[in-house]
Amino acid sequence: MPVDEDVPTADHARAAARLGKVVDKAVGEVDLTLPQYRMLALLASGTEAASVLAGHLAVSRPSLTALADGLVGRGLVERRPAPGDRRRVDHVLTADGRSALAEADEAVQRRLAGLLAHLSRPQRRRAVDGLALWLTALDAARADR
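Residues numbered from 1 in each chain as written. Predicted model: local features only at pLDDT ≥ 70, side-chain atom pairs only at ≥ 80, totals over all residues. Heavy atoms only, no water.

Peer 1: Would you take a moment to explain the pattern of salt bridges for this structure?
Peer 2: Once their charged atoms are close, side chains differing in charge can pair, the charge on each being opposite to the other. Applying the stated criterion across every chain, the model contains nine salt bridges. Here Glu 29 and Arg 110 are joined by a salt bridge, their closest N and O atoms 3.9 Å apart. Taken together, the positions of Glu 29 in the loop between α1 (10-28) and α2 (34-43) and Arg 110 in helix α5 (residues 95-116) put the pair 81 residues apart, joining distant regions of the chain. One salt bridge in this structure joins Glu 78 and Arg 80, with 2.9 Å as the shortest N-O distance. The class of Glu 78 is partly exposed, set by a relative accessible area of 35%. Three or more residues are tied together by salt bridges with common partners; here these are Glu 29, Arg 110 and Arg 111. (Salt bridge = Lys/Arg side-chain N within 4 Å of Asp/Glu carboxyl O. Helix = DSSP H or I, 4+ residues; strand = E, 2+ residues; numbered from the N terminus. Buried < 20%, exposed > 50% of the residue type's maximum accessible area, 1.4 Å probe, protein only.)

In structure tokens:
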């Protein structure tokens, strides 16, 4: 049976899962979990309401509350009343949260650079370009929701 080069294979799915574990270990070095890292990264682009965050992170509202509680308790995120809507509470990244996110980003970058060192220069470029394309696809899919 011919293989469609535009369709990911099981090997690609497994590589993505393994990369996820690499990121998980990297953020663990700076005392974050992968869901916490994802939430901080999302908040880096702006304030979000709980319902919006839950949708973007693909978690339930109770799970988001527990996740946010941990980050608020550590001073990395603040909850603030939304202007003009007394029922809504926004989540905002604090200065400490920005620092924690920067540390986590650096830890992930180090881990990825270590993996890339096992590839030739042209392969490294293709791998990095591929990640950039995945980001484009992920952002487009989020915008479609």
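There's plenty left to go through after this.
Peer 1: Hey, could you run me through the sheet that holds strand β2 (residues 77-82) in this one?
Peer 2: As summarised here, the arrangement of the three strands in space is β1-β3-β2, forming an open sheet in which the pairing is antiparallel. Every interior strand has two partners, whereas the edge strands, β1 (48-49) and β2, have only one. Where β1 meets strand β3 (residues 85-93), two bridges bridge the pair, whose relative direction is antiparallel. Counted as the bridge partner of Ala 49 is Asp 90 from β3. With respect to the sheet, α2 is in contact with β1, β2 and β3, its orientation differing from that of β3 by roughly 105 degrees. (Pairing = 2+ DSSP bridges. Contact = heavy atoms within 4.5 Å. Axes fitted to C-alpha atoms, helices over the stretch in contact; angles between N-to-C directions.)

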